[in-house]
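So the chains spell out like this:
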Amino acid sequence: MRVIDSRTHTIIGLLVGVVLIVAPWLLTFADESDAATWSAVGVGIFIVLNELITTSPASPVKLVPMSAHLILDMVTGVFLALTPWFFGFADEDWFVWVPHVVVGVLIVGYAVMTRADEPAIRGPRTPA
């Protein structure tokens, strides 16, 4: 069920990226784990940059086809969800690692729900 258009996807992605960048300080885990902090910040920066170079109408630089971007978003979401285990902070308090898992799953979710191609714009109907 692909209900999100690419423009909306780009806006969501930019918001998610910015939230990830500031999350370690908003959710107060910056002092708990450098690995958790920098994985969130790094993935956030990657998401913001990635959103700015897709063929979405909201992207200023049209380099990456939206279909490829959506696949990359899915990989990014899975990666973010697994970072607590990849970088060894899964044994920290829940507020350190759970945001990575939840946001990673949500990234996969909104990527799966996004249409890669915009619907064709139809001209005015002519009477038959």
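Data block above holds the structure.
This structure is a prediction, so every number in the text was calculated from the model and none was measured.

Q: Tell me about a nonpolar patch on the surface, residues and numbers included.
A: Judged by side-chain polarity, Val78, Phe79, Leu82, Trp85, Phe86 and Phe87 come together as a nonpolar surface patch covering roughly 600 Å² of accessible area. Inspection of the secondary structure assignment puts phenylalanine 86 in helix α3 (residues 66-86).

Q: Which residues make up unusual backbone geometry, and what values go with them?
A: Notably, threonine 28 is not glycine yet its phi reads approximately 60 degrees, a positive angle. For threonine 28, the position within the fold is in the loop between α1 (6-26) and α2 (34-51). Under the relative-accessibility criterion, threonine 28 is labelled exposed at 52%.

Q: Summarise helix α4 (residues 94-112); cite the residues concerned and give the values.
A: For α4, which comprises 19 residues, the first-to-last C-alpha distance of 27 Å matches the rise-based estimate of 27 Å (1.5 Å per residue) to within 8%. Those residues of α4 that sit buried are Val96, Pro99, His100, Gly104, Ile107, Tyr110 and Ala111. For α4, the angular spread of buried residues about the axis comes to 135 degrees, placing them on one side. Facing away from the buried side of α4 by more than 90 degrees, the exposed set consists of Trp94, Val105 and Leu106. Its buried side turned inward, α4 meets α1, α2 and α3.

Q: Explain the environment of leucine 80 residue by residue, including any values.
A: Take leucine 80: it is sitting in helix α3. Given a relative accessible area of 0%, leucine 80 falls into the buried group. In contact with leucine 80, not counting residues within four places along its chain, are Leu20, Val43, His100, Val103, Gly104 and Ile107.

Q: Summarise α2; cite the residues concerned and give the values.
A: Turn by turn, an α-helix covers 3.6 residues, leaving residues three or four places apart pointing in a common direction. The terminal C-alpha atoms of α2, which comprises 18 residues, lie 25 Å apart, in line with the 26 Å expected from a rise of 1.5 Å per residue. Regarding α2, the residues found buried are Ala36, Thr37, Ser39, Ala40, Val41, Val43, Gly44, Ile47, Val48, Asn50 and Glu51. Residues of α2 that are buried sit in contact with α1, α3 and α4. Backbone nitrogen of alanine 35 and a side-chain oxygen of the N-cap are separated by 3.4 Å at the start of α2; the cap is serine 33.

Q: Which residues make up the environment of threonine 54, and what are the values?
A: With respect to the element layout, threonine 54 can be found in the loop between α2 and α3. Given a relative accessible area of 0%, threonine 54 falls into the buried group. A C-alpha to C-alpha distance of 20 Å links threonine 54 and leucine 80, two positions 26 residues apart in sequence. In contact with threonine 54, other than residues within four places in its own chain, are Thr10, Ser59, Val61, Lys62, Leu63, Val64, Met66 and His69. From its side chain, threonine 54 meets the backbone nitrogen of serine 56 in a polar contact 3.2 Å long.

Quick notes on the rules
- Residues numbered from 1 in each chain as written.
- Predicted model: local features only at pLDDT ≥ 70, side-chain atom pairs only at ≥ 80, totals over all residues.
- Heavy atoms only, no water.
- Patch = residues over 30% accessible without salt bridge, like charges linked within 9 Å, V, L, I, M, F, W, Y side chains within 5 Å.
- Areas by Shrake-Rupley, 256 points an atom, 1.4 Å probe, with all protein chains shown as cover.
- Salt bridge = Lys/Arg side-chain N within 4 Å of Asp/Glu carboxyl O.
- Helix = DSSP H or I, 4+ residues; strand = E, 2+ residues; numbered from the N terminus.
- Buried < 20%, exposed > 50% of the residue type's maximum accessible area, 1.4 Å probe, protein only.
- Expected span 1.5 Å × (residues − 1).
- Arc of directions from axis to C-beta.
- Contact = heavy atoms within 4.5 Å.
- Polar contact = N/O pair within 3.5 Å; in protein donor to acceptor, adjacent residues only side chain to side chain.

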